[in-house]
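Each chain, written out:
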Amino acid sequence: MADKIEIRNLNLFYDKFHALKSVNMVVRDKNIIALIGPSGCGKSTLLRSINRMNDLIDGVRINGEVLLDGRDIYNSGLDIYKLRKRVGMVFQRPNSFAKSIFENVAFGLRVARLANKKKISEIVETSLRTAGLWDDLKDKLGTSALELPLYHQQRLCIARLLAVEPEVILMDEPCSTLDPIATMKIEEMMIELKKKFNIIIVTHNMQQAARVSDQCGYMLLGDMVEFNKTSEIFTNPRDKRTQDYITGRFG
Ligand SMILES: Nc1ncnc2c1ncn2[C@@H]1O[C@H](COP(=O)(O)OP(=O)(O)OP(=O)(O)O)[C@@H](O)[C@H]1O
Ligand SMILES: [Mg+2]
């Protein structure tokens, strides 16, 4: 069976600026991958290239391959809407919609024109349960999502993704606006989610990468310096540059 995601010699340019330099990375199924590295090294760019979010940016050129289940997402005629459903994204700040909690979670189902009300309610409940929100929110599903505290909104955005059953969830610093308790809850949820989904998380928090990920990539100036099992990256880095970063000598 093909790996879930395989990135081969991926180069990305913002006009003349070479932001990703021949990046290679293999994601096996049902794993959490963490991408770490100093600010500006290309973590978000790499993450966005996995569901073609960079396509929206003027002047971007991409070459190389990003294979999802063995199929190149850039050159196989794969429909972008279907791709984004299979590979969903969670952002640094929750992008809740100005709609009710229920409609935020049901959003993708409405887009997909699912009409069965009972089915929609079931999926909304299951998604909120998986995101650890059901008990807190079940009595106020009609309230605007924007009234929720940020830590609930972030999990609500995750529930919205779960409702359309993605295969891969991309998270770009999902805990950077959260306190340690809310962060811990997201991390616990990630461990639960990985039974069913693949997760790729960008994080500035090295302890977080060490706690949650199975594999870890260290990036620097557009290069994937080292990609390996997380335990190896943190205890036995092969590259001097990785060692300097994880020991706090650099970055
Ligand atoms: N839309 C854009 N246009 C031009 N250059 C960009 C654009 N987005 C990012 N870059 C540049 O590409 C490089 C990588 O940026 P990216 O946002 O991927 O880094 P990052 O590792 O996610 O950084 P941070 O940790 O600060 O979020 C940086 O030098 C950045 O300035
Ligand atoms: Mg970033």
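Before any of the text, the structure's been laid out above.
On a predicted model such as this, the values are computed, not experimentally measured, just so you know.

Regarding the overall build of the chain
Logical step 1: Broken down by element type, the chain carries ten helices and ten strands.
Logical step 2: In terms of overall size, the chain behaves like a compact globule, its C-alpha atoms giving a radius of gyration of 18 Å where 251 residues would be expected to give roughly 18 Å.
Logical step 3: For the chain, the share of sequence-separated contacts (at least 6 apart) that also reach a separation of at least 24 residues comes to 67%.

Some details on the sheet that holds strand 5 (residues 71-72)
Logical step 1: Pairing is antiparallel in the open sheet, where four strands are placed in the order 2-1-4-5. At either end of the open sheet lies a strand with only one pairing partner, and these are strand 2 (17-27) and strand 5.
Logical step 2: Where strand 4 (residues 60-68) meets strand 5, two bridges bridge the pair, whose relative direction is antiparallel. Among the inter-strand pairings, Leu68 is bridged to a residue of strand 5, identified as Arg71.

A look at the nonpolar core
Logical step 1: Counting residues in each nonpolar core, the largest one holds 67 residues, and the members touching the most others are Ala34, Leu35, Ala159, Ile169, Leu170, Ile199 and Ile200.
Logical step 2: Broken down by element, the residue count for this core peaks at seven residues, all from helix 6 (residues 150-163).
Logical step 3: If sequence neighbours within four positions are ignored, Ala34 has contacts with Ile201, Thr203, Ala209, Val212, Ser213, Cys216 and Thr230.

A few points about the pairing of strand 3 (residues 32-36)
Logical step 1: Across the five residues that make up strand 3, a large majority, five, are buried.
Logical step 2: Along strand 3, one buried face is formed by Ile32, Ala34 and Ile36 and the opposite face, lined by Ile33 and Leu35, is buried too.
Logical step 3: One ladder, built from four bridges, connects strand 3 with strand 8 (residues 198-202); its direction is parallel. Across the sheet, the residue bridging to Ala34 is Ile201, located in strand 8.

Details of the sheet that holds strand 10 (residues 223-229)
Logical step 1: Read from one edge of the open sheet, six strands run 6-7-8-3-9-10, paired in mixed fashion. Whereas interior strands pair on both sides, the edge strands pair on one side only; in this sheet they are strand 6 (87-90) and strand 10. When strand polarity is set aside, the average angle formed by the axes of neighbouring strands in this sheet is 15°.
Logical step 2: Relative to strand 7 (residues 168-172), strand 6 runs parallel, the two sharing four bridges. Each residue of the ladder has a partner; that of Gly88, found in strand 7, is Ile169.

What to know about helix 4 (residues 117-130)
Logical step 1: Its 14 residues give helix 4 an end-to-end C-alpha distance of 20 Å, which sits within 8% of 20 Å, the value for a rise of 1.5 Å per residue.
Logical step 2: Residues of helix 4 that are buried include every one of Ile123, Val124, Ser127 and Leu128, and no others. Buried residues in helix 4, looked at end-on, bunch into an arc of 130°, giving them a common side. Facing away from the buried side of helix 4 by more than 90 degrees, the exposed set consists of Lys118, Lys119 and Glu122.
Logical step 3: For helix 4, the secondary structure elements touched by its buried residues are helix 3 (101-111), helix 5 (134-137) and helix 6.
Logical step 4: At the exit of helix 4 stands Gly132, carrying a positive phi of roughly 75°.

Here's the deal with the environment of Glu226
Logical step 1: Relative to the helices and strands, Glu226 resides in strand 10.
Logical step 2: Since 20 C-beta atoms lie within 10 Å of it, Glu226 is described here as buried.
Logical step 3: For the pair Glu226 and Lys240, spaced 14 residues apart in sequence, the C-alpha to C-alpha distance is 10.0 Å.
Logical step 4: If near-sequence neighbours (up to four positions away) are discounted, Glu226 is found in contact with Tyr218, Ile233, Pro237, Arg238, Asp239 and Thr242.

A short note on the packing of helix 3 against helix 4
Logical step 1: Two numbers describe how helix 3 lies on helix 4: the axes approach to 9 Å, and their chain directions differ by 115°. With respect to each other, helix 3 and helix 4 are oriented roughly perpendicular. Our pair here, helix 3 against helix 4, has a crossing hand that is right-handed. Contacts from Phe102, Val105, Ala106 and Leu109 in helix 3 reach Ile120, Ile123, Val124, Ser127 and Leu128 in helix 4.
Logical step 2: When the residues that make up the contact of helix 3 with helix 4 are grouped by side-chain class, the tally is eight nonpolar, one polar and no charged.

Comments concerning the site of ligand 1
Logical step 1: Around ligand 1, the surrounding shell consists of Tyr14, Phe17, Ala19, Gly37, Ser39, Gly40, Cys41, Gly42, Lys43, Ser44, Thr45 and Ile57.
Logical step 2: Mapped by element, the contributors of at least two residues to the shell around ligand 1 are strand 2 and helix 1 (43-49).
Logical step 3: In terms of residue class, the shell around ligand 1 is made up of five nonpolar, six polar and one charged.

Rules behind the numbers
Residues numbered from 1 in each chain as written. Chains lettered and ligands numbered in written order. Predicted model: local features only at pLDDT ≥ 70, side-chain atom pairs only at ≥ 80, totals over all residues. Helix = DSSP H or I, 4+ residues; strand = E, 2+ residues; numbered from the N terminus. Rg over C-alpha atoms; globule rule 2.2 N^0.38 Å. Contact = placed C-beta atoms within 7 Å. Pairing = 2+ DSSP bridges. Core = buried A, V, L, I, M, F, W, Y, C linked by C-beta atoms within 7 Å. Buried ≥ 20, exposed ≤ 12 C-beta atoms within 10 Å, placed from the backbone. Axes fitted to C-alpha atoms, helices over the stretch in contact; angles between N-to-C directions. Expected span 1.5 Å × (residues − 1). Arc of directions from axis to C-beta. Parallel < 35°, antiparallel > 145°, perpendicular 65-115°, else oblique. Left-handed = near helix turned anticlockwise from the far one by under 90°. Nonpolar A, V, L, I, M, F, W, Y, C, P; charged D, E, K, R; others polar. Near = placed C-beta within 6 Å.

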